[in-house]
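Chain residues, written in single-letter form:
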2 protein chains.
Amino acid sequence: MIKIIAKNFVKQGKVEQVLVLAKELVQETLKENGCISYGMYQSESDENVLTMIEQWENKDVLKAHMASEHFKRIVPLMNEFMDKKAEMDIYKKVI
Amino acid sequence: MIKIIAKNFVKQGKVEQVLVLAKELVQETLKENGCISYGMYQSESDENVLTMIEQWENKDVLKAHMASEHFKRIVPLMNEFMDKKAEMDIYKKVI
């Protein structure tokens, strides 16, 4: 099992646009094989921080996700509304 | 429901010491009222990044956690092995 934390930094005033796009991405992704959980979270201290917290069975299904039609179509659209590059960490559970 | 991502930056060569301490913290915390999930994860790109990914029913149980005997005893011990202040984000689910 692997966990992904993808921390996005949204341009001021563009959160709604990102949420609209992310909604479709989440809906489509949750249907994918090997997707354990996949949701978007908003930071309490900074409303412009929208973080995708994901859980996948293994690296292969994650790769398939990143090659999917909806990922390749929607993520670039979301990136238009970002202030800077996302901080993405891939994690494995240790405790 | 709230989600916490607490990203820790461990001093080189001190990961094992942190894991020993974190093990007890995780065991005790999982017994706490309102704790939905609580686990430590290691970054694949940097073994010195150990992140606690937590899920709590609400702010009150999180406050009780941070006032608990095991939290107040163990976290300062863990901090001895850290390179810099942890990055902590409190999140609410939006999608």
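Residues numbered from 1 in each chain as written. Chains lettered and ligands numbered in written order. Predicted model: local features only at pLDDT ≥ 70, side-chain atom pairs only at ≥ 80, totals over all residues. Heavy atoms only, no water.

An unreviewed UniProt entry lists chain A under the name Quinol monooxygenase YgiN, with Clostridium acidisoli DSM 12555 given as the organism.

Q: Just checking my understanding: could you explain empty space enclosed by the protein for this structure?
A: Over the atoms a probe the size of a water molecule is rolled, and this reveals where empty space is left. Counted under the stated rule, the structure contains one cavity of 30 Å³ or more. A volume near 100 Å³ is recorded for the largest cavity. As for the largest cavity, its lining consists of A:I5, A:K7, A:E87, A:D89, A:Y91, B:I5, B:K7, B:E87, B:D89 and B:Y91. Those elements giving two or more residues to the lining of the largest cavity turn out to be β1 (2-10) and β4 (82-93) of chain A together with β1 (2-10) and β4 (82-93) of chain B. Across the lining of the largest cavity, the residue classes break down as four nonpolar, no polar and six charged. (1 Å grid on protein atoms, 1.4 Å probe; cavity = no way out; pocket = protein on both sides within 12 Å on 5 of 7 lines; lining within 4 Å. Points joined across faces, edges and corners; volume = space filled by probe spheres on them. Helix = DSSP H or I, 4+ residues; strand = E, 2+ residues; numbered from the N terminus. Nonpolar A, V, L, I, M, F, W, Y, C, P; charged D, E, K, R; others polar.)

Q: Would you explain the pattern of salt bridges in this entry?
A: Close approach of charged atoms lets side chains of opposite charge pair. By the definition in use, this model includes twelve salt bridges over all chains. A salt bridge links B:E87 to A:K7; its shortest N-O distance comes to 3.8 Å. Of this pair, B:E87 sits in strand β4 while A:K7 sits in strand β1, each in a different chain. Given the relative accessible area of 30%, B:E87 is considered partly exposed. When its relative accessible area of 11% is taken as the criterion, A:K7 is described as buried. Within the structure, one salt-bridge network assembled from shared partners comprises A:K7, B:E87 and B:D89. (Salt bridge = Lys/Arg side-chain N within 4 Å of Asp/Glu carboxyl O. Buried < 20%, exposed > 50% of the residue type's maximum accessible area, 1.4 Å probe, protein only.)

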